[in-house]
Amino acid sequence: MSMQNTMLRADALKDRTVVITGGGTGLGRSMAEMFLRIGANVCITSRKLETLQKTAKELSEATGGQVLPIECDVRNHLDVDRLVASVVERFGSCDALVNNAAGNFISPTERLSPKAFEVIIGIVLQGTVNCTLAFGKHWIAKGERDKAILNITTTYAWTGSGYVVPSACAKAGVLALTRSLAVEWAKFGIRSNAIAPGPFPTKGAWDRLMPGELMEKFSLAKRVPLGRMGEHHELANLASYLISPFSAYVNGDVITIDGGEWLKGAGQFSQLEAIEPEMWDSIEKAVRGAKGS
Ligand code: HXC
Ligand code: NAP
C-alpha cells in the first residue's frame, strides 16, 4: 500500500491546519503528505529551509494542498513564537500540533559529553515543550477548543535503552508531558496523545542508528514478530486518526506501532522461536520426562 491509501475519507481534515515539526523529511514528511491528502493545510518546520521548501513544493504538487514551510529551531522559543504567528497569519488558526522533530545517534554513554546530552534533550524534550507551550498558550488565550497535540516518542520511552541514553531520557520526558497535559489541559479542549513507533526506515534514523554494516549485523526486521519494518502509510494513517475529530475521546494515550517488537524483547522466552519445529519433539519428551522429579 502507498501514501495514497488513506484510512480516512478525503475531506476528514478539511479546513484544519496541522503543524508538523521536523516535517521536511522522514516520517514527518509522510505524515504531512497524508494529512494533505485528507484535506488539511499543513505547516512543516525544521532548521533547514531549503529542504522544507523542496518538500513543500513536491507535496503541494502531489496533493494539491497548501503547505507552508517555516524555518524554526524548536530549541529556540523565539523561533517557536514566530512559528505560531506565521501559521496564524497564513491560515487563521492551528488545529493540531505534531511534535515530531528529533535528534539521536548511537554511542556508548561514557563517550558522551554534556553537550551531546544537551543537544538531544534540547531538540526532543525542550523542543516539544517549547512548541507545546507556545501553541497551548495561544489556544487557551484565544479560547479556541477542539485541539490535538500528537507527540512522536519511541517504545524505549518506558523501557529505556542503552546506547541511545539521551534520546531515551528525552522521549520518556515527552511521554510524561503527554500524559500530564492530557489531564491538565483537557478542560481547555486540548487533547494530548503519543505514538511510539518501532523501526520505520528513514534516512535520518538509519544514518545515525544503523550506519555501515550495523544494518546487516543487527537485522531490525528479525526483532519484529511480524517479520518486517513499518511502512510509512501505516504510521501516517494512525497519526491522521489521532489528530482528527474521530479520536475525540482518545486522550492521554500512547499507541505503539511496532509489529510487536518491544514485547518480544521483554518476553522471557521469546528467543525460543530459534528452535526448529522438529526439535520440539525431543524437548517435549524431556519436559514430560521431568514429571515427578
Ligand atoms: C558522540 C556526538 C556524536 C556521536 C555528535 N556528538 N555526534 N558524540 N558520538 N556520534 C556530540 C558532538 O561532539 C557535540 O558535543 C554534540 O554532540 C552536538 O553535536 P553537533 O554535531 O554540534 O550538533 P548538531 O549539529 O546540532 O546536530 C545534532 C545531532 C545531529 C543530533 C547530533 O545528528 C542531527 O542534526 N540530527 C537530526 C536528525 C536526527 O537525529 N534524526 C534521527 C531521529 S531517529 P561536543 O561536546 O563535542 O561539542 C530517532 C529514532 C528513535 O529518534 C527510535 C528508533 C527505533
Ligand atoms: P528524521 O527524518 O531525521 O526526522 C527528524 C526531523 O527533525 C528532521 O526533519 C530534522 O530536520 C528535524 N529536526 C532536528 N533537529 C531540529 C531542531 N532543533 N528544530 C527543528 N527541527 C529539527 O527521522 P525520522 O526517522 O523521520 O524521525 C521522526 C520521528 O520519529 C522522531 O521523533 C523520531 O524519534 C521518531 N521515531 C522514528 C523511528 C524510526 O524508526 N524512524 C522510530 C521511533 C521513533 P532538520 O535537520 O532540517 O532540522
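Let us look at the structure shown here. All figures in this text were calculated on a predicted structure; none of them were measured in a lab.

This paragraph deals with the sheet that holds strand β1 (residues 17-21). Across the sheet, which stays open at both edges, the seven strands sit in the order β3-β2-β1-β4-β5-β6-β7 with parallel pairing between neighbours. Both edges of this open sheet fall to β3 (67-71) and β7 (254-257), since each of them pairs with a single strand only. Along the sheet, successive strands turn relative to each other by an average axial angle of 20°, direction set aside. With four bridges joining them, strand β4 (residues 96-99) and strand β5 (residues 147-152) adopt parallel strand pairing. Following the sheet pairing, Val 98 is matched in β5 by Leu 150.

Our focus in this paragraph is the pattern of salt bridges. Going through the model one piece at a time under the given rule, you end up with 16 salt bridges. The residue Arg 29 makes a salt bridge to Glu 58 at a minimum N-O spacing of 2.9 Å. Highlighted residues: Arg 29 in helix α1 (residues 26-37) and Glu 58 in helix α2 (residues 49-63), separated in sequence by 29 residues. Taking relative accessible area as the criterion, Arg 29 reaches 25% and is therefore assigned partly exposed. Owing to a relative accessible area of 30%, Glu 58 belongs among the partly exposed residues under this scheme. Note that Asp 79 is salt-bridged to Arg 82, the shortest N-O span being 2.9 Å. Of this pair, Asp 79 and Arg 82 both sit in helix α3 (residues 77-91), separated by three residues, roughly a single helical turn.

What counts as what
Residues numbered from 1 in each chain as written. Chains lettered and ligands numbered in written order. Predicted model: local features only at pLDDT ≥ 70, side-chain atom pairs only at ≥ 80, totals over all residues. Heavy atoms only, no water. Pairing = 2+ DSSP bridges. Helix = DSSP H or I, 4+ residues; strand = E, 2+ residues; numbered from the N terminus. Axes fitted to C-alpha atoms, helices over the stretch in contact; angles between N-to-C directions. Salt bridge = Lys/Arg side-chain N within 4 Å of Asp/Glu carboxyl O. Buried < 20%, exposed > 50% of the residue type's maximum accessible area, 1.4 Å probe, protein only.

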